[in-house]
Amino acid sequence: MGPLLGALLAELLVARRPMPEAMRSTWGTMVGLLTGLGAKLALHLLLGAYGLWHLWRHAGA
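Heads up: these notes are all about the structure in this document. Since we're looking at a predicted model, the values are computed, not measured.

## Points about the overall build of the protein
Right, so step 1: Counting its secondary structure elements, the protein contains two helices and zero strands.
Right, so step 2: A globule of 61 residues ought to have a C-alpha radius of gyration of about 10 Å, yet the protein, at 20 Å, is considerably larger.
Right, so step 3: Dimensions of the protein, computed from C-alpha atoms along their principal axes, come out at roughly 65 × 15 × 15 Å.
Right, so step 4: Of all 61 residues assigned to the protein, the portion counted as buried reaches 10%.
Right, so step 5: Total accessible area on the protein stands at roughly 5100 Å², and carbon and sulfur atoms take up 76% of it.

## Focus on the side chain of Thr26
Right, so step 1: Within the secondary structure layout, Thr26 lies in helix α2 (residues 19-59).
Right, so step 2: Residue classification places Thr26 among the buried residues on the basis of a relative accessible area of 11%.
Right, so step 3: Not counting residues within four places of it along the chain, the set of residues in contact with Thr26 comprises Leu4, Ala7 and Leu8.

## Focus on the pattern of salt bridges
Right, so step 1: Here the structure, examined in full by the defined rule, presents two salt bridges.
Right, so step 2: Put simply, Arg17 and Glu11 hold a salt bridge, and the shortest N to O gap is 2.9 Å.
Right, so step 3: You can call Arg17 partly exposed: its relative accessible area is 41%.
Right, so step 4: The exposure class of Glu11 is buried, given its relative accessible area of 17%.
Right, so step 5: Among the salt bridges present, the one from Glu21 reaches Arg17, with a minimum N-O distance of 3.8 Å.

## Thoughts on a nonpolar patch on the surface
Right, so step 1: There is a patch of nonpolar side chains on the surface, built from Leu5, Leu9, Leu13 and Val14 and spanning about 410 Å² of accessible area.
Right, so step 2: As for its position among the elements, Val14 is in helix α1 (residues 2-14).

## Some remarks on the packing of aromatic side chains
Right, so step 1: In total, this model carries one aromatic pair according to the counting rule given.
Right, so step 2: Residues Tyr50 and Trp53 carry aromatic rings whose centres are separated by 6.1 Å and whose planes lie at 35 degrees to one another, so their mutual orientation is tilted. Here the residue Tyr50 and the residue Trp53 both occupy positions in helix α2, the gap between them amounting to three residues, near one helical turn.

## Considerations on unusual backbone geometry
Right, so step 1: The phi dihedral of Arg16 falls on the positive side, at around 55 degrees, and the residue is not glycine.
Right, so step 2: The exposure class assigned to Arg16 is exposed, which follows from its relative accessible area of 68%.

Definitions and cut-offs
- Residues numbered from 1 in each chain as written.
- Predicted model: local features only at pLDDT ≥ 70, side-chain atom pairs only at ≥ 80, totals over all residues.
- Heavy atoms only, no water.
- Helix = DSSP H or I, 4+ residues; strand = E, 2+ residues; numbered from the N terminus.
- Rg over C-alpha atoms; globule rule 2.2 N^0.38 Å.
- Buried < 20%, exposed > 50% of the residue type's maximum accessible area, 1.4 Å probe, protein only.
- Areas by Shrake-Rupley, 256 points an atom, 1.4 Å probe, with all protein chains shown as cover.
- Contact = heavy atoms within 4.5 Å.
- Salt bridge = Lys/Arg side-chain N within 4 Å of Asp/Glu carboxyl O.
- Patch = residues over 30% accessible without salt bridge, like charges linked within 9 Å, V, L, I, M, F, W, Y side chains within 5 Å.
- Phe/Tyr/Trp six-rings, centres within 6.5 Å; stacked < 30°, edge-to-face > 60°.

Here's what the structure looks like:
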């Protein structure tokens, strides 16, 4: 909630933009946060799969 509220308040109070434009900026912030979260999740899953693959590969040797 912090980044969304911060983006909205910054657009309204600092940049002095009207509410519809400030909401678009807030929406962009949310899309960016969710995209970053999805990328982190994908990388964590790949690294976990790679680690498990190494464990199983070396366990049989």
